[in-house]
Each structure stands twice: as C-alpha cells, then as structure tokens.
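Observations on the model geometry
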Amino acid sequence: MSPLAALTRKASLQRLKVAFADALWIWAQIELELFDIFRIAISGDKSWETEDDLRAAFYAVNGAEIRLAMTNAIASKSWGGTEALEEWNSIYKEINKARRKRGQLAHKFGTTVYDSGHEAAMLIQGASPHDPPYKIGEESSRAFNAKQLEALHVSWARTRARMHQFRLGVERARLQAFLERPARQRRGPRTPQARTPKARK
C-alpha cells in the first residue's frame, strides 16, 4: 500500500470513529432527557424530592425500548386528554424511530470495505467485510458509513432539543398553575421550629 493510500485509509477510519462517537454521545443525551420526562410525568411538582429513587428505578431497567415504554405509559396516564400528551405522542414516535437505528449501531464494528478497486470505512455486521451488500455510497440496513452517522447525529440532536423544549414547557405550565393557586393552597408542611433554651439564672 502506498503512503498516500495508507493516509487516506487512516483519515477515512478516523472520520468514521468520530461520527460514531458523536452519534452515541447525542443518544446518551436523549436518554437523559427521557429520564427527566419520566420524572416529571410520574411525580409532577414533587419530582425533585423523589429524583434519586426514580433515577435508580429508571436505570435499573436495561434497554432503551423498555425505558421508552415505561415513560410512554406514565405520560399517557398523567397527561391524558391534554395538549402535552399530543406533543408527547409525536415525540414518542420520533424517539422510537431513532431507537431502532441506535440498536443497529450497537452491534457493528468498523472496517474497510472494498468495491471496484476503491475502499471506504464503514460500520458493518457480518462474517466478512467483503460480502455484499457493502457498496460504497449505498444505503444498507447492514452498514453505516461516516456520512450516514453524521446525518444521524444531526437528526438525533434535533430530537434531543425537541424533548428538552417539551420538558421545559411542561415544567413552566406546572409552575404557572402552582403560582395561580390561592396562597393557602401553596403552603407546604410547616417546619417545626426548635425551641430556644432558656438562659439559666
């Protein structure tokens, strides 16, 4: 292999690695937003008081599909018949679609794929990187090139931003509803005050 070909291969693999890392990085942010939506859906105004317990339960479940199903179940119950549920249903479908792609990435490895005397770095799954349908530039359910991973990163970043804005909107609406209650209904439990010991004579 010529020095130029070696450099080209190295650059191609490096781009693939960066694109792969970026895609998984933003997916982790999606799961974090998903937990926050789960938290406010299940606990409402008191979600911060129970956050540690909810986090332990949420992450005890291994798998994005189950975590998403849990969140969807409690969101459907908590926000039934509201505009929040309509928006959530749309976001849920978007996350579920992204989840399938993320699942495809989880079990692939990076290698150099050959086609008609040319080569490109791709994430693939299979016994041999030379087996079809690994063709440069082709969309395949079995392979991802750097360009496809970069597109996933952009798409998932939009999904994550949409989830974040949705969560903030729900929290603002709840805060507004809380502030509009009569003052006597907004009071929490009284904190017992310690008695000041009397000075000895």
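Residues numbered from 1 in each chain as written. Predicted model: local features only at pLDDT ≥ 70, side-chain atom pairs only at ≥ 80, totals over all residues. Heavy atoms only, no water.

1. Description of the overall build of the protein chain
Heads up, the rule is: Secondary structure elements follow DSSP: runs of H or I no shorter than four residues count as helices, runs of E no shorter than two count as strands, and numbering proceeds from the N terminus. Burial here depends on accessible area, computed with a 1.4 Å probe over protein chains only, as a share of the maximum for the residue type. Under 20% is buried, over 50% is exposed, and the range in between is partly exposed. Any two residues having at least one pair of non-hydrogen atoms within 4.5 Å are treated as being in contact. Computed with a 1.4 Å probe, the accessible areas rest on the Shrake-Rupley method; for each residue, only the protein chains presented here act as cover.
Counting secondary structure elements, the protein chain contains six helices and three strands. Looking at the 201 residues of the protein chain, the share that counts as buried comes to 32%. Excluding contacts between residues fewer than 6 apart, the proportion of contacts in the protein chain whose partners are at least 24 apart in sequence is 58%. Accessible surface, the protein chain as shown: approximately 13300 Å² in total, 54% of it carbon and sulfur.

2. What about the packing of helix α3 (residues 64-78) against helix α4 (residues 83-105)?
So the rule is basically this: Only the stretch in contact is used when a helix axis is fitted, and all axes are lines through C-alpha atoms; the angle between N-to-C directions ranges over 0 to 180 degrees. Relative orientations are named as follows: roughly parallel for angles under 35 degrees, roughly antiparallel for angles over 145 degrees, roughly perpendicular for angles from 65 to 115 degrees, and oblique for any other angle. As a working rule, the residues Ala, Val, Leu, Ile, Met, Phe, Trp, Tyr, Cys and Pro are called nonpolar, Asp, Glu, Lys and Arg charged, and the rest polar, with Gly in that last group.
At a minimum axis separation of 11 Å, α3 and α4 run at an interaxial angle of 175°. Classified by the angle between their axes, α3 and α4 sit roughly antiparallel to one another. Within the contact between the two elements, α3 uses Ala-64, Glu-65, Leu-68, Thr-71, Asn-72, Ala-75 and Ser-76 and α4 uses Leu-85, Trp-88, Asn-89, Tyr-92, Ile-95, Asn-96 and Arg-99. Residues of the contact of α3 with α4, tallied by class, amount to seven nonpolar, five polar and two charged.

3. Overview of helix α2 (residues 51-60)
Inclusion rule: Arc definition: it is the arc formed by the directions from the helix axis to the C-beta atoms.
Among all positions of α2, only Glu-51, Leu-54 and Phe-58 are buried. Buried residues of α2 fall within an arc of 65° about the axis and therefore sit on the same side. Exposed residues on α2 whose side chains face more than 90 degrees from its buried face are Asp-52, Asp-53, Ala-56 and Ala-60.

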